[in-house]
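The lines below spell out each chain.
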Amino acid sequence: MAVHICSIVPISKTVGANRIVPAVAIPHPLGDPAKTTEEEKTLRRALVEKALGAMKTKVEDQRVFEG
Amino acid sequence: MGNVLRVVHYLNQFFGQIGGEDKAGTKPLKRDGAIGPGALFQGIFGQEADIVGTVICGDNYFNEQAEAAKKAVLAMIEGYRPNLLLAGPAFNAGRYGIACGAICEAVVDRLRIPAVTGMFPENAGVELYRKSVYIVETKASSAGMRDAAPRMAALAMKLVRGEALGSPEEEGYLPRGIRRNVFNLERGATRAVDMLLQKMKGNAFVTEYPMPSFDRVDPVSAIENLDEVTLALITSGGIVPKGNPDHVESSSASKYGKYDIRGVERLSPDSYETAHGGYDPTYANEDPHRVLPLDVVRDLEREGSIGELYPYYYATVGNGTSVAKAKGFAEEIAKDLVRDGVKAVIISST
């Protein structure tokens, strides 16, 4: 089981990932230099938790875990 | 013989009339003149070319002793001082196709003469050798021999005479991935719009740049017990130990790295960096967690949300890296992970 956390969702869809979590931005998919270190870590944790949530979720077809 | 071209034909044990699967271990041997399908080729060549010899090798022997077999076959071919090599056709026979591809590639490379083989597009030899070898498209079985032989012969004669080749479609060989500049009467924008209009009308159109084919896998079922599962991290964002010890290329990566993270709690910017070209590396180099979330995964491991983090992470660079390469990396990495009982993977991409 793999979850793809990625900045360019259309590419992930094209290559066939089934569980996709959209990331922040190309040069910092799991961070945001505009935030404080602490806020960044919170943001990163939320994305990783969303990925773990995707693993626990049944999917029939490719699914993007938004929002 | 004058100007009559000298041709050598490579066959497997079956078409070489040595025997069936029980003779697949046959070592390379040669026979003067044409054998089996060689007679058909000789008929097509007529007075222009002469099949002076046939080199035969068992499919198992060739694939199990690849280097020794290739060397012996090459020496036998060279002994006939040919102007041209024909191999097969191998249709959809995988071992035979791989042998034909390997021999053609070696002959072109070492003997500097043209070589032509024939295969069904799904033959494993096509994927391996299509870029270096002229492979005429054939049907899946030897029922396609009479259809394949004239096209193989025609292409071979063009090559040996140094005549300009048309596109793969025109000449009947499988595309080798070579781009050639040509002048077109219509500019690109016009051609693209024409294509779009045809598509919208539901009419047939021919793309000028076929997309690679991507495979699909059915989604696996949900994981219930993540707290008991070993999770691994993979990234295409190029996070490597400082100094990039495996020299993962900044674009069009030909490799990936596997890095030991036992006891590593954080990715310090003093010890890790990104090897990825194509995006501004400033943010990833300031804090590699922005690409590879090791810090929070360690926290989640400590808190018991996941069983444990796999002691290695894998990294490559996704910048211009071909789908075929990436697929190869994935196959190797997946083997590791399956062997070590990893059930969950987070892949992060820039």
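None of the values given here were measured: they were computed from a predicted structure. (Residues numbered from 1 in each chain as written. Chains lettered and ligands numbered in written order. Predicted model: local features only at pLDDT ≥ 70, side-chain atom pairs only at ≥ 80, totals over all residues.)

Let's hear about the overall build of chain B: which residues, and what values?
Within chain B, the regular secondary structure consists of 11 helices and 12 strands. Across the 350 residues of chain B, 39% fall into the buried class. (Helix = DSSP H or I, 4+ residues; strand = E, 2+ residues; numbered from the N terminus. Buried ≥ 20, exposed ≤ 12 C-beta atoms within 10 Å, placed from the backbone.)

Tell me about the overall build of chain A, residues and numbers included.
What chain A contains, in helices and strands, is 2 helices and 3 strands. For chain A, the sequential pattern of α-helices and β-strands runs β-α-β-α-β. Taken over 67 residues, chain A has a buried fraction of 42%. Counted over contacts in chain A with a minimum sequence separation of 6, partners at least 24 positions apart contribute 45%. (Contact = placed C-beta atoms within 7 Å.)

Could you give an account of the interface of chain B and chain A, naming the residues involved and the relevant values?
With 33 residues of chain B at the contact, the number on the chain A side is 30 residues. For the side of chain B that touches chain A, the secondary structure elements donating two or more residues are α9 (282–286), α10 (294–303) and β12 (344–349) of chain B. In terms of residue count, β12 of chain B provides more of the side of chain B that touches chain A than any other element does, 6 residues in total. Looking at the side of chain B that touches chain A residue by residue, the classes come out as 19 nonpolar, 7 polar and 7 charged. With 5 bridges connecting them, strand β1 (residues 2–6) of chain A and β12 of chain B associate as parallel partners. By the bridge assignment, His4 of chain A is partnered in β12 of chain B with Ile347 of chain B. (Nonpolar A, V, L, I, M, F, W, Y, C, P; charged D, E, K, R; others polar. Pairing = 2+ DSSP bridges.)

Any details on α10 of chain B? Residues and values, ideally.
Burial in α10 of chain B covers these residues: Leu294, Val296, Val297 and Leu300 of chain B. Summarising the axial view, the buried residues of α10 of chain B lie within an arc of 165°, below the 170-degree limit, and thus occupy one face. Facing away from the buried side of α10 of chain B, by more than 90 degrees, are the exposed residues Arg302 and Glu303 of chain B. Packing partners of the buried residues in α10 of chain B comprise α2 (37–55) of chain A together with β7 (230–235) and β11 (308–315) of chain B. (Arc of directions from axis to C-beta.)

Would you mind going over the packing of helix α3 (residues 66–79) of chain B against helix α4 (residues 94–111) of chain B in detail, with residue names and values included?
The description of two packed helices rests on the angle between their axes and on the distance between the axes. Residue and element names in this part refer to chain B. Two elements in contact, α3 and α4, have axes separated by 10 Å at closest approach and are oriented at 55°. Accordingly, the angle class assigned to the pair α3 and α4 is oblique. Where α3 crosses over α4, the handedness of that crossing is right-handed. When α3 is examined against α4, the residues Ala66, Lys70, Val73, Leu74, Ile77 and Glu78 are found in contact with a partner set consisting of Ala102, Ile103, Ala106, Val107, Arg110 and Leu111. (Axes fitted to C-alpha atoms, helices over the stretch in contact; angles between N-to-C directions. Parallel < 35°, antiparallel > 145°, perpendicular 65-115°, else oblique. Left-handed = near helix turned anticlockwise from the far one by under 90°.)

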